[in-house]
Amino acid sequence: MADDLGWNDVSFHGSNQIPTPNIDALCYHGVIFRRHYVLPICTPSRTAFLTGRYPIRTGMQGYPLKAGEPRAIPLSNTLLPEYLRKLGYATHLVGKWHVGYYSDYHTPVYRGFDTFLGYYNGYVTYFNHTIEQNEHVGNDLHYDAPRNLSSMYNHKYMTDLISERAEDIISNHDFEKSLYLQLSHLAAHASDSKDVMEVRDMKEMNATLGYIEDFNRRKFAGVVTAMDESIGRVVQALKKKNMLQNSIIVFMSDNGAQTEGILENYGSNYPLRGLPVVI
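Only a predicted model underlies this, so the values are computations on that prediction, with no experimental measurement involved.

Peer 1: For this particular structure, what's the right way to read the pairing of strand β1 (residues 89-96)?
Peer 2: Judged by how many residues are buried, β1 sits mostly within the fold: 7 of 8 residues are covered. Both β1 and strand β6 (residues 178-184) contribute to a ladder of 7 bridges, which runs parallel. Across the sheet, residue Thr 91 finds its bridge partner in β6, namely Tyr 180. Of the pairings in the sheet, the one linking β1 to strand β2 (residues 115-119) comprises 5 bridges and is parallel in character. Within the sheet, the bridge partner assigned to Leu 93 lies in β2 and is Phe 116.

Peer 1: What's the story with the pattern of salt bridges in this structure? I'm lost.
Peer 2: Any two side chains of opposite charge can pair, so long as their charged atoms come close to each other. In total, this model carries 13 salt bridges according to the counting rule given. Among the ionic pairs, Arg 46 bridges to Asp 3, the shortest N-O distance being 3.6 Å. Here Arg 46 is found in helix α2 (residues 42-51), whereas its partner Asp 3 is found in the segment before α1 (21-28), with 43 residues between them in sequence. When sorted by exposure, Arg 46 lands in the same class as Asp 3, which is buried. Measuring nitrogen to oxygen at the nearest pair gives 2.9 Å for the salt bridge that ties Glu 69 to Arg 71. In this structure Arg 71 comes out as buried when scored by relative accessible area, which is 19%. A cluster of three or more residues bridged by salt bridges with shared partners is formed by Asp 160, Glu 167, Arg 200, Glu 229 and Arg 233.

Peer 1: How should I be thinking about the packing of aromatic side chains in this particular structure?
Peer 2: The geometry of an aromatic ring pair is captured by two quantities: the separation of the ring centres and the angle between the planes. Within the structure shown, the criterion is met by 7 aromatic pairs. With a centroid separation of 4.7 Å and an interplanar angle of 20°, the aromatic rings of Tyr 101 and Tyr 120 are classed as stacked. Highlighted residues: Tyr 101 in the loop between β1 and β2 and Tyr 120 in the loop between β2 and β3 (130-133), separated in sequence by 19 residues. Classification of Tyr 101 by relative accessible area gives partly exposed; the value is 23%. Using a relative accessible area of 9% as the deciding quantity, one classes Tyr 120 as buried.

Peer 1: Honestly, the packing of helix α6 (residues 202-209) against helix α7 (residues 215-240) in this entry has me stumped. Any pointers?
Peer 2: Look at α6 against α7: their axes get within 10 Å of each other, and the N-to-C directions meet at 105°. In terms of orientation, α6 and α7 fall into the roughly perpendicular class. Note on element contacts: α7 touches α6 through Phe 215, Arg 218, Lys 219, Ala 221, Gly 222 and Thr 225, opposite Met 202, Met 205, Asn 206 and Leu 209. Partitioned by chemical class, the residues of the contact of α6 with α7 number 5 nonpolar, 3 polar and 2 charged.

Peer 1: Is there a simple way to explain α1 in this structure?
Peer 2: Within the span of α1, buried status applies to Ile 23, Asp 24 and Cys 27. With its buried residues spanning 100° around the axis, α1 presents them on a single face. On its buried side, α1 packs onto α7.

Peer 1: Can you help me understand the side chain of Thr 130 in this one?
Peer 2: The residue Thr 130 is located in strand β3 in this model. Here Thr 130 is in contact with Val 124, Thr 125, Val 137, Gly 138, Asn 139, Asp 140 and Asp 192, once residues within four sequence places are set aside.

Quick notes on the rules
- Residues numbered from 1 in each chain as written.
- Predicted model: local features only at pLDDT ≥ 70, side-chain atom pairs only at ≥ 80, totals over all residues.
- Heavy atoms only, no water.
- Buried < 20%, exposed > 50% of the residue type's maximum accessible area, 1.4 Å probe, protein only.
- Helix = DSSP H or I, 4+ residues; strand = E, 2+ residues; numbered from the N terminus.
- Pairing = 2+ DSSP bridges.
- Salt bridge = Lys/Arg side-chain N within 4 Å of Asp/Glu carboxyl O.
- Phe/Tyr/Trp six-rings, centres within 6.5 Å; stacked < 30°, edge-to-face > 60°.
- Axes fitted to C-alpha atoms, helices over the stretch in contact; angles between N-to-C directions.
- Parallel < 35°, antiparallel > 145°, perpendicular 65-115°, else oblique.
- Contact = heavy atoms within 4.5 Å.
- Nonpolar A, V, L, I, M, F, W, Y, C, P; charged D, E, K, R; others polar.
- Arc of directions from axis to C-beta.

Put into structure tokens, the structure is as follows:
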């Protein structure tokens with residue numbers, strides 16, 4: 001699941017700026033859902049995905065959750081990973097949660113996931129993994145996993161962190177169980193760092209994407225191409241483990257690009273109209 005990715009930000013939709021060969025390969029060797037709609041806002045969209053219900057049925061409609069807000073998907077709702085775990089699946093979440101964490105029982109490992117490595121809130125900085133709200137800055141990278149992973153992943157580019165954790169889960173997976181692996185990327189969400197679109201390597205970005213004249217759009221493209229590379233790494237990990245032929249891979253975005261206003265990420269929803277609410 002990508003974050004704030006616009007319709008015109010992937011090359012299989014005809015974008016002539018941002019090459020996304022790994023996403024394109026999934027599309028061209030699979031099924032493209034051209035009428036797949038999501039909610040325009042982050043928390044409601046992810047709530048709908050996890051519950052299979054309109055978010056208004058769970059009280060999760062409206063403005064997305066702020067850091068520390070005492071609101072979450074009610075515990076009376078059974079989430080997708082809970083159903084799958086009852087069926088014998090190993091379940092893992094890597095990346096974004098953003099559907100509430102004001103008690104331990106509302107966090108991922110209490111709601112169907114065997115392990116969780118990621119962040120609870122709407123976004124973090126790509127390298128420091130922090131979020132600033134109400135003039136307070138806090139680290140929002142959490143490790144609910146069998147071993148302490150902090151030394152392995154601190155200050156690593158978030159897209160690479162997600163890739164490496166996914167590769168680790170796949171390579172160590174027990175074939176006796178089915179696997180549900182949910183990768184919720186930070187990309188291509190803006191962060192609240194000084195440079196709102198944080199690319200992994202500025203020199204590499206300018207060398208490969210220098211034809212994009214708008215520098216902010218170029219940085220956005222750098223973030224998206226890193227995510228596309230991540231998807232390729234996950235597919236290769238499945239292939240190496242001999243799991244690819246028996247896997248269903250779904251790629252989607254939680255909502256469209258934030259094209260203006262706070263946390264603008266310089267994505268493009270063309271030819272669609274409108275824009276998401278700030279997430």
